[in-house]
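Chain residues, written in single-letter form:
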Amino acid sequence: MIGFAECECFIFDAHSLKEKRAVLQRVLTRLKQKYNVSVSEVDYQDMWQRTKIAIVTVSSSKEASERELERALKFMDSFPEWERGQTTYEWL
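## Some remarks on unusual backbone geometry
Positive phi values are uncommon outside glycine, yet tyrosine 44 reaches one of about 65°. As for its position among the elements, tyrosine 44 is in the loop between strand E2 (38-43) and strand E3 (50-58). In this structure tyrosine 44 comes out as buried when scored by relative accessible area, which is 16%.

## Regarding the side chain of lysine 52
In this fold, lysine 52 is placed in strand E3. Residue lysine 52 is classed as buried on the basis of its relative accessible area, which comes to 16%. Ignoring sequence-local partners within four residues, the contact set of lysine 52 consists of Glu6, Cys7, Glu8, Ser40, Glu41, Val42, Asp43 and Tyr44.

## Overview of the environment of threonine 57
In this structure, threonine 57 sits in strand E3. Since its relative accessible area comes to 3%, threonine 57 is described here as buried. Note: C-alpha distance between threonine 57 and valine 39 (18 residues apart in sequence) is 9.1 Å. Excluding residues within four positions of it along the chain, threonine 57 makes contact with Met1, Ile2, Gly3, Asn36, Val37, Ser65, Glu68 and Leu69. At 2.8 Å, the side chain of threonine 57 forms a polar contact with the backbone oxygen of asparagine 36.

Each value, and the rule that gives it
Residues numbered from 1 in each chain as written. Predicted model: local features only at pLDDT ≥ 70, side-chain atom pairs only at ≥ 80, totals over all residues. Heavy atoms only, no water. Helix = DSSP H or I, 4+ residues; strand = E, 2+ residues; numbered from the N terminus. Buried < 20%, exposed > 50% of the residue type's maximum accessible area, 1.4 Å probe, protein only. Contact = heavy atoms within 4.5 Å. Polar contact = N/O pair within 3.5 Å; in protein donor to acceptor, adjacent residues only side chain to side chain.

Here it is in structure tokens:
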């Protein structure tokens, strides 16, 4: 089962693309290291306070994929530098 989550995030304290990318790099690297997921910025690369993140995981069951995605999203929410907005899920 492939689980896919896409979420929009707002980085309120970023005042340049360099500051935005510093926050993104730190969070995305930690997500990849800590969880069994692939993560990438998929939209709004040229906006300095907004981003769209895609998270993908593969497992033997939908429940395991869902659990891993929820753990990754909860971890993302623990960072005070940004706020997660709309999140959509897909199962393949």
